[in-house]
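Architecture and fold: a report
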Amino acid sequence: MEEIRTSEQSKPLYQSLRDGDVLEVVKAYAKATTLDARLKLIPTVHDDTILHMAIYMEQESIAIGIIEISRHNDELITQQNEFGNTALHEAAATDCVRVVEKLLEKAPALLSIPNENGEMPLYTAAHFGQKKNFILLAEKLKNDQHALHPHLFSLYPSNDPVTKSGKYSYDPERIRSTILHAAIHAEFFELALLIARKPEYAKIVLLKYKNLKTPLQLLSSNSSAFKSGMKCRLIKRFIYNCAQYEDAKEEDAHEQNSSDDSHVQSSSRATLFLRRIMSSVNRSVWIVLREWPTMKKIHDERKRHELALELAKFLIAEDFSWHIKAPSQSETPDIPLFIATSNGILEIVEETLRVYPLSLEYTNKEKQNILHLAIMHRQPDIFDVTKRFDVTKRLMPRLARQTDKNGFTILHHAGNMNFYKGGTQPGPALQLQEELEWYEKVEKLVPRYYARNTAAEQKETREEFYSRKYTETVKELSQNADKIIPPKSVNKLGWDESKEETPRQYFARTHGELLEEAQEWLERTSNSCSLVAGLIASVAFAAAFTIPGGSNGRNGQPILINSPFFLVFIITDALSIASSLTSLAMFLSILSSPYELDDFLRSLPRKLILGFTSLFFSVAVTSLAFASTMMLTIPIKKRLTTTLIYCVAFLPVTMFALLQYPLCEAFERSFRSSVKVVKRILPWPLIETACSKATKAHSS
């Protein structure tokens, strides 16, 4: 009952604390003369003192009032809660710089008290991205470099009873994280740059510690911190490019200095001029857009990406933890280059290859190079960058011919579905087409005979594998002869059936489930669309014989034949019938297809494009025919009313286009690939020559 009564009595004080009533809270604190009474002012679940609560509620005035009336090194100020956090830990995690200053004046010892995670207040400030607090705390530690190590790490507690009193003393074997790791993990890249550029910190936090990734490895694991990991539509991409991160004056000064360089060539000047124009346009657009509240999020996102790139460039130049003496001896599976390749971080890959071109030939413990990883993880941008960095055009064939330790070629990795994340296209049919195009793109890099090779031919056959495993088993179980596995049962020893498959067979097997989904999706879509196309054709056909305004009984001519809207009606109705029947024919052709794997590369997607395009066009012209009928039957002379009718008529078309926008993007890509195929088939040089001769003859 005593505890309940105390809690009830603390409610007014808790309310005063929430409301920021400085006088009431400080007065109650001053009345409690003993430490026990002050601790029980507001009982909490996690043993927080009233000072802890004032700080994490960001009641800065109350916290300062409590600190000022406290004695130096008052036990309440140095009191720790259940998590071991002192008031300085709580203040370092919030934007209460004045509170941090006051606490350091009253109790300087707080700077070196760790919490239950072995974290000092400096680490807490880095973890929560409080740059001002970090600089303030770092300034206090500047004169004590010998005791700096414990402040830079989060440590695992020591289990040694001898060192129990100093269980959070610095020990390289018990490092959980560093201040740089904490800032990078929480995506406070501006603070991370500050830490990395401080020489006294960099020489400690940039080292490779046991069971801990390097800062660059950690950054390479976060694709969302870079522009290449951003998935956005056209409008957001445009706003993102317009958002201004750098100071406009500095940018203008940089451009001015570049333009004044007498050694700049004319082509460079032209490029610089175009960049200046684009920069001016982007800046003008951003001046208008930045006033919108939703634009701040896009601006902050670009700023975060730019800072992450700046940090990555610095770490790539300074981080040497992944260097080895020779590329052939590489046994490290998680060097930053490979992590960035797996996660699709184009910026880190480009910068690494620029600074260390030799890293293009590195392999991991599976003997896979950067090309294997880019293909396996479906990273086309990194695939293209790798080709671009091969200036001599000699290294790429060498990388493409290499096999991993299991004998798999890059063609096998093109069919590997272990890292497949759904592709970039909407719908299983278009995703399967994307996979087939990816396989086709990879196939161009390797010799033709690679498509017929199996992994077993590269390393060891099934018989050789069985023989080796049997020998190993006999040796292992020599003392237990009754448990020896007979040769006919060695299929349980780990033989990979994919080693006996050619790349194409392996691709067909691994994509079997996606093929089934694509077949079902395409059949379902074709059924629905053919039904809609049939309905539109029926309506348009009926409208052709139900002429608006009726016909003349004597000669059968339409009464409104002289109206300009009648001609519009006739043309749009005819186009509606033709396009809807074309769409219906395309979808019926899809339904009658055998749905083989190769059909999803060219044939079926093209029919789908034609079907959808014809269907969309039929919806558009049917809406136009409807609007023309309204104009014919209801005489309207006001231009505003006419405009509104047309807008209402085209509302379904607009909605249909917006809802099917992802498919439209996919169709555009497929259309471009179809155009490329046509260009390869037709003799374009002869056509261009004939056209140029005809033009010259006409001009003369």
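Residues numbered from 1 in each chain as written. Predicted model: local features only at pLDDT ≥ 70, side-chain atom pairs only at ≥ 80, totals over all residues. Heavy atoms only, no water.

**A short note on the overall build of the protein**
A count of helices and strands for the protein gives 35 helices and two strands. Residue burial in the protein is summarised as follows: out of 700 residues, 43% are buried. Long-range contacts, defined here as pairs at least 24 residues apart, represent 76% of the contacts in the protein between residues at least 6 apart. Accessible surface, the protein as shown: approximately 38,900 Å² in total, 57% of it carbon and sulfur. (Helix = DSSP H or I, 4+ residues; strand = E, 2+ residues; numbered from the N terminus. Buried < 20%, exposed > 50% of the residue type's maximum accessible area, 1.4 Å probe, protein only. Contact = heavy atoms within 4.5 Å. Areas by Shrake-Rupley, 256 points an atom, 1.4 Å probe, with all protein chains shown as cover.)

**Looking at helix 12 (residues 189-197)**
Those residues of helix 12 not exposed but buried are Phe189, Leu191, Ala192, Leu193, Ile195 and Ala196. Where the residues of helix 12 are buried, they touch helix 9 (121-127), helix 10 (131-141), helix 11 (179-185), helix 13 (199-205), helix 14 (215-220) and helix 18 (295-318).

**Things to note about the confidence of the model for the protein**
In this model, the protein carries a mean pLDDT of 77, and residues with pLDDT of at least 70 account for 67%. Ignoring residues within four places in sequence, the model shows residues 1-5, a span with pLDDT below 50, making zero contacts including any to other chains. Note that pLDDT drops below 50 for residues 487-493; the model gives that stretch seven contacts with residues more than four away or on any other chain. (pLDDT = per-residue confidence, 0-100.)

**Some remarks on unusual backbone geometry**
One non-glycine residue, Glu58, adopts positive backbone phi at about 60°. Tracing the backbone shows Glu58 in the loop between helix 4 (50-56) and helix 5 (60-68). Even without being a glycine, Tyr595 presents a positive backbone phi close to 60°. For Tyr595, the position within the fold is in the loop between helix 30 (564-591) and helix 31 (603-633). Judged by relative accessible area, which is 11%, Tyr595 ranks as buried.

**Here we look at the nonpolar core**
Within the largest apolar cluster, 133 residues are counted, with the highest numbers of intra-cluster contacts made by Leu103, Phe134, Ile195 and Phe600. Of all the elements, helix 29 (residues 512-545) adds the most residues to this core, at eight residues. (Core = buried A, V, L, I, M, F, W, Y, C linked by side-chain atoms within 4.5 Å.)

**Focus: the packing of helix 25 (residues 428-443) against helix 29**
When two helices pack together, their arrangement is given by the angle between the helix axes and the distance between those axes. Following both chains from N to C, one finds helix 25 and helix 29 inclined at 135°, their axes separated by 7 Å at the closest point. Judged by the inter-axis angle, helix 25 sits oblique to helix 29. Of the two elements, helix 25 crosses helix 29, and the hand of that crossing is left-handed. Judged by residue contacts, Pro428, Ala429, Gln431, Leu432 and Glu435 of helix 25 engage Leu514, Leu515, Glu517, Ala518, Trp521 and Leu522 from helix 29. In terms of residue class, the contact of helix 25 with helix 29 is built from eight nonpolar, one polar and two charged. (Axes fitted to C-alpha atoms, helices over the stretch in contact; angles between N-to-C directions. Parallel < 35°, antiparallel > 145°, perpendicular 65-115°, else oblique. Left-handed = near helix turned anticlockwise from the far one by under 90°. Nonpolar A, V, L, I, M, F, W, Y, C, P; charged D, E, K, R; others polar.)

**Description of the packing of helix 5 against helix 8 (residues 97-106)**
Between helix 5 and helix 8, the shortest axis-to-axis distance is 9 Å and the interhelical angle comes to 10°. Taken together, the axes of helix 5 and helix 8 are roughly parallel relative to one another. Within the contact between the two elements, helix 5 uses Glu60, Ala63, Ile64, Ile67 and Glu68 and helix 8 uses Val97, Arg98, Val99, Lys102, Leu103 and Lys106. Taken together, the residues of the contact of helix 5 with helix 8 break down into six nonpolar, no polar and five charged.

**Focus: helix 22 (residues 380-389)**
Buried residues of helix 22: Ile382, Phe383, Val385 and Thr386, and no others. Projected down its long axis, helix 22 shows its buried positions confined to an angular sector of 165°, all on one face. Those residues of helix 22 that are buried lie in contact with helix 19 (336-343), helix 20 (346-355), helix 21 (370-376), helix 23 (395-401) and helix 25. (Arc of directions from axis to C-beta.)

**A closer look at a negative patch on the surface**
A cluster of acidic residues, Glu513, Glu516, Glu517, Glu520 and Glu523, forms a negative patch at the surface. Within the secondary structure, Glu523 sits in helix 29. We classify Glu523 as partly exposed; its relative accessible area is 40%. (Patch = residues over 30% accessible without salt bridge, like charges linked within 9 Å, V, L, I, M, F, W, Y side chains within 5 Å. Salt bridge = Lys/Arg side-chain N within 4 Å of Asp/Glu carboxyl O. Lys, Arg positive; Asp, Glu negative; His and termini not counted. Charge placed at Lys NZ, Arg CZ, Asp CG, Glu CD.)

**Here's the deal with the packing of aromatic side chains**
The final tally for this structure, using the stated rule, is six aromatic pairs. Seen in terms of ring centroids, Phe383 and Trp438 are 5.4 Å apart; in terms of plane orientation they differ by 65°. Their pairing is edge-to-face. You can see Phe383 sitting in helix 22 and its partner Trp438 sitting in helix 25, a full 55 residues away along the chain. One exposure class covers both Phe383 and Trp438, and it is buried. (Phe/Tyr/Trp six-rings, centres within 6.5 Å; stacked < 30°, edge-to-face > 60°.)

**Regarding the environment of Glu435**
Checked against the element boundaries, Glu435 lands in helix 25. A residue is classified by how much of its surface remains accessible, and Glu435, at 2% relative accessible area, is buried. Through-space distance from the C-alpha of Glu435 to that of Phe600 is 9.8 Å; in sequence the pair is 165 residues apart. Residue contacts for Glu435: discarding those within four places in its chain leaves Arg378, Ala414, Met417, Tyr420, Phe507, His511 and Leu514.

**Some points on the pattern of salt bridges**
One pass over the full model with this rule turns up 15 salt bridges. Linking Glu306 and Arg302 is a salt bridge whose minimum nitrogen-to-oxygen distance equals 3.6 Å. Taken together, the residues Glu306 and Arg302, both in helix 18 and four residues apart, mark about one turn of the helix. Glu306 sits in the partly exposed class, given a relative accessible area of 26%. For the salt bridge of Arg388 with Glu350, the shortest nitrogen-to-oxygen distance reads 2.8 Å. Of this pair, Arg388 sits in helix 22 while Glu350 sits in helix 20, placing them 38 residues apart in sequence. For Glu350, a relative accessible area of 27% puts it in the partly exposed group.

**A look at the environment of Phe188**
Its place among the elements puts Phe188 in the loop between helix 11 and helix 12. With a relative accessible area of 31%, Phe188 lands in the partly exposed category. Sequence separation between Phe188 and Phe128 is 60 residues; the distance between their C-alpha atoms is 8.1 Å. Excluding residues within four positions of it along the chain, Phe188 makes contact with Ala126, His127, Phe128, Gly129 and Ala183.

**Comments concerning a nonpolar patch on the surface**
Nonpolar side chains collect at one region of the surface, where Leu567, Ile571, Leu575 and Phe617 lie side by side and expose about 360 Å² of accessible area between them. Broken down by element, the residue count for the nonpolar patch peaks at three residues, all from helix 30.

**With respect to the environment of Asp334**
Among the structural elements, Asp334 can be located in the loop between helix 18 and helix 19. Using a relative accessible area of 30% as the deciding quantity, one classes Asp334 as partly exposed. Linking Asp334 and Lys365, residues 31 residues apart in sequence, is a C-alpha distance of 9.3 Å. Once residues within four sequence positions are removed from consideration, Asp334 is found in contact with Gln217 and Ile339.

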